Amino acid sequence: MSTAQTGSSSKSGAAWRNWAGNVVSRPVREVTPASVEELTAAVRAAAEDGLKVKAVGTGHSFTAAAATDGVLIRPQLLTGIRNIDRNNGTVTVEAGTPLKRLNLALAREGLSLTNMGDIMEQTVSGATSTGTHGTGRDSASIAAQIKGLELVTAAGELIACSEKENPEIFAAARIGLGALGIVTAITFAVEPVFLLTAREEPMSFDKVLADFDELHAENEHFEFYWFPHTGNCNTKRNNRSAGPEAPVSAVSSLWEDEILSNGLFQVVNSIGRAVPATIPAIAKVSSKALSARTYTDIPYKVFTSPRRVRFVEMEYAVPREALVATLRELKSMVDGSDLRVSFPVEVRTAPADDIALSTASGRDSAYIAVHMYKGTPYQRYFTAAERIFTAHEGRPHWGKVHTRDAEYFARVYPRFGEFTDLRDRLDPDRLFGNAYLRRVLGD
């Protein structure tokens with residue numbers, strides 16, 4: 001059941017910051033609606049007052065997609081599962097529900113999403129609106145699992161969208177960037193909970209790239225991490241399993257997932273930030289710290305992992321067939337520079353989907369994510385990486401650092417005009433606009 005509480009509205013002026021701390025805005029008013037009716041009223045009031053409106057989840061985007069100097073909508077009271085339809089294999093959930101809460105609730109009901117990203121702190125609307133994805137040979141992003149959604153438009157109307165109802169809006173609003181309206185509920189496709197066997201093991205950079213097509217074809221979910229300044233990678237293969245369940249032991253979880261991947265990683269990044277010259281040596285040790293392991297568990301316990309070390313991230317989707325060349329160029333760039341990169345480069349894949357502004361729209365894609373530890377200058381590294389990604393017609397993740405604009409997106413997204421035309425119809429006065437949307441979508 002959804003939460004039944006009374007919402008609140010207050011004058012703000014206080015700064016809002018995203019998770020990484022690289023985006024700051026000062027809304028004049030914050031509203032925490034407790035119902036769709038209260039949210040709709042807040043949108044109408046903002047329009048009457050001549051204020052822009054943006055909704056924000058947990059702030060896990062690295063862009064200013066949710067930043068506003070107008071009215072900031074916080075949906076944390078709009079949470080919970082509205083309905084489970086086992087016959088049709090769907091669940092309808094309030095837009096402010098964190099993915100963590102959804103995954104736990106579904107597991108209690110013996111259900112699961114087919115695929116998911118590697119963190120679950122975001123709200124369902126925030127994650128889908130910016131195109132959050134995991135890795136998959138056949139199964140696509142979280143947004144591609146949407147079967148229906150509700151949206152409050154700039155006119156203050158609540159509309160329902162699906163393949164049968166307002167299909168042209170549904171085609172775009174699954175990844176809507178907050179530009180078409182405020183999502184109030186999402187209906188996801190779900191399936192009976194299943195088991196995944198994860199196999200994690202070190203592998204050399206050259207071997208991963210030489211065998212990439214085979215590794216991708218043979219595994220339902222394949223991803224890997226390359227450690228800059230080394231020729232070392234860690235790989236992860238997730239495949240469905242008949243069981244039995246064999247979760248990560250408490251000792252392994254404490255040592256590898258908490259102490260090594262978070263606690264010690266925090267320490268070595270702090271050292272690297274203070275003394276950049278130490279990073280290549282640290283990278284060689286870090287890249288060999290994790291040992292091979294195999295475990296079997298329910299999906300969210302395999303797909304997701306704790307991320308407590310804060311960073312700034314850029315991620316681009318390139319055509320899957322361009323991955324090997326792109327990654328070799330990235331490695332050559334790092335090796336030939338004086339850059340010092342303490343975070344591994346993450347590589348994942350997704351099949352083509354039919355969402356207008358999905359990074360995988362119309363093409364099988366590979367994702368390359370570069371990171372820098374919070375507080376470390378990242379611009380030179382990201383600029384050099386972005387030059388490589390865009391040379392391969394890369395599409396940046398909508399919620400991660402990039403410098404692209406509407407002119408670029410019109411070239412790399414065949415359905416870009418379809419989205420902007422719909423935006424002109426639904427929000428002609430740009431009630432849901434901000435500086436980020438002006439840059440990426442145009443005026």
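Note that the structure is a prediction, hence the values are computed from the model and not measured.

**Student:** How should I be thinking about the overall build of the chain in this particular structure?
**Tutor:** Summing up its helical and strand segments, the chain has 14 helices and 21 strands in all. Here the C-alpha atoms of the chain give a radius of gyration of 21 Å, agreeing with the 22 Å that 2.2 N^0.38 yields for 443 residues. Along the first, second and third principal axes, the C-alpha atoms of the chain reach 60 × 50 × 40 Å. Counting only residues that meet the buried cut, the chain has 58% of its 443 residues in that class. In the chain, once contacts between residues fewer than 6 apart in sequence are set aside, the share between residues at least 24 apart is 73%. Within the structure as shown, the chain displays about 17800 Å² of accessible surface, and the carbon and sulfur contribution to it stands at 52%.

**Student:** Would you explain the nonpolar core in this entry?
**Tutor:** Counting 59 residues, the largest nonpolar core has F188, W398 and L441 as its most contacted members. Counting 45 residues, the second largest nonpolar core, distinct from the first, contains V334, L339, V341 and Y373.

**Student:** When you look at the sheet that holds strand 15 (residues 221-226) in this model, what are you seeing that I'm missing?
**Tutor:** Backbone hydrogen bonds are what pair the strands of a sheet, in a parallel or an antiparallel way. Taken together, the eight strands give an open sheet; going across it, the order is 17-14-16-15-19-20-18-21, and neighbouring strands pair in antiparallel fashion. The strands lining the two open edges of the sheet, one partner per strand, are strand 17 (293-297) and strand 21 (395-396). The pairing of strand 18 (residues 311-319) with strand 20 (residues 365-373) spans nine bridges and is classified as antiparallel. If you follow F311 over to strand 20, its bridge partner there is Y373. Across the sheet, helix 10 (residues 323-335) touches strand 15, strand 18, strand 19 (345-350) and strand 20, and the angle it forms with strand 20 is around 20 degrees.

**Student:** I keep staring at the packing of helix 10 against helix 11 (residues 379-391) and nothing clicks. Help me out?
**Tutor:** Orientation of helix 10 relative to helix 11, taken along the N-to-C sense of each, is 150 degrees, at an axis distance of 10 Å. Viewed along their axes, helix 10 and helix 11 adopt a mutual orientation that is roughly antiparallel. In the packing of helix 10 onto helix 11, the handedness of the crossing is right-handed. Residues T326, E329, L330, M333 and V334 of helix 10 form the contact with helix 11, whose participating residues are Y381, A384, A385, I388 and F389.

**Student:** What is the right way to look at the environment of W398 in this model?
**Tutor:** Mapped onto the secondary structure, W398 falls in the loop between strand 21 and helix 12 (406-412). Overall, the relative accessible area of 1% leaves W398 in the buried class. The spacing of W398 and E157 is 241 residues in sequence and 26 Å in space, taken between C-alpha atoms. Excluding residues within four positions of it along the chain, W398 makes contact with T63, T130, I175, L177, L357, F409, Y413, Y436 and V440. Polar contacts involving the side chain of W398 include one to the main-chain carbonyl oxygen of L357, which spans 2.7 Å.

**Student:** Mind showing me how you'd approach empty space enclosed by the protein here?
**Tutor:** In this approach a probe as big as a water molecule rolls over the atoms, and the regions it shows empty are the leftover space. With the rule as written, the count across this model stands at five cavities of 30 Å³ or more. Each pocket or cavity is described by its volume, and for the largest cavity that value is around 720 Å³. What lines the largest cavity is a set of 43 residues, and nearest its centre among them are H60, S61, G126, A127 and T130. Of all the secondary-structure elements, those providing two or more residues to the lining of the largest cavity are strand 5 (53-55), helix 3 (124-129), strand 12 (182-189), strand 18 and strand 19. At four residues, helix 3 tops the list of elements feeding residues into the lining of the largest cavity. Each residue belonging to the lining of the largest cavity can be placed in one class, and the counts come to 16 nonpolar, 19 polar and eight charged. The calculated volume of the second largest cavity comes to roughly 70 Å³. As for the second largest cavity, its lining consists of F227, P228, F265, V268, I282, A283, S286, V341, S342, F343 and P344. Residue assignment for the lining of the second largest cavity shows that the elements contributing at least two residues are helix 7 (250-274) and helix 8 (279-286). Looking at the lining of the second largest cavity, the element that brings in the most residues is helix 8, giving three residues. When its residues are assigned to classes, the lining of the second largest cavity shows nine nonpolar, two polar and no charged.

Cut-offs and rules
Residues numbered from 1 in each chain as written. Predicted model: local features only at pLDDT ≥ 70, side-chain atom pairs only at ≥ 80, totals over all residues. Heavy atoms only, no water. Helix = DSSP H or I, 4+ residues; strand = E, 2+ residues; numbered from the N terminus. Rg over C-alpha atoms; globule rule 2.2 N^0.38 Å. Buried < 20%, exposed > 50% of the residue type's maximum accessible area, 1.4 Å probe, protein only. Contact = heavy atoms within 4.5 Å. Areas by Shrake-Rupley, 256 points an atom, 1.4 Å probe, with all protein chains shown as cover. Core = buried A, V, L, I, M, F, W, Y, C linked by side-chain atoms within 4.5 Å. Pairing = 2+ DSSP bridges. Axes fitted to C-alpha atoms, helices over the stretch in contact; angles between N-to-C directions. Parallel < 35°, antiparallel > 145°, perpendicular 65-115°, else oblique. Left-handed = near helix turned anticlockwise from the far one by under 90°. Polar contact = N/O pair within 3.5 Å; in protein donor to acceptor, adjacent residues only side chain to side chain. 1 Å grid on protein atoms, 1.4 Å probe; cavity = no way out; pocket = protein on both sides within 12 Å on 5 of 7 lines; lining within 4 Å. Points joined across faces, edges and corners; volume = space filled by probe spheres on them. Nonpolar A, V, L, I, M, F, W, Y, C, P; charged D, E, K, R; others polar.

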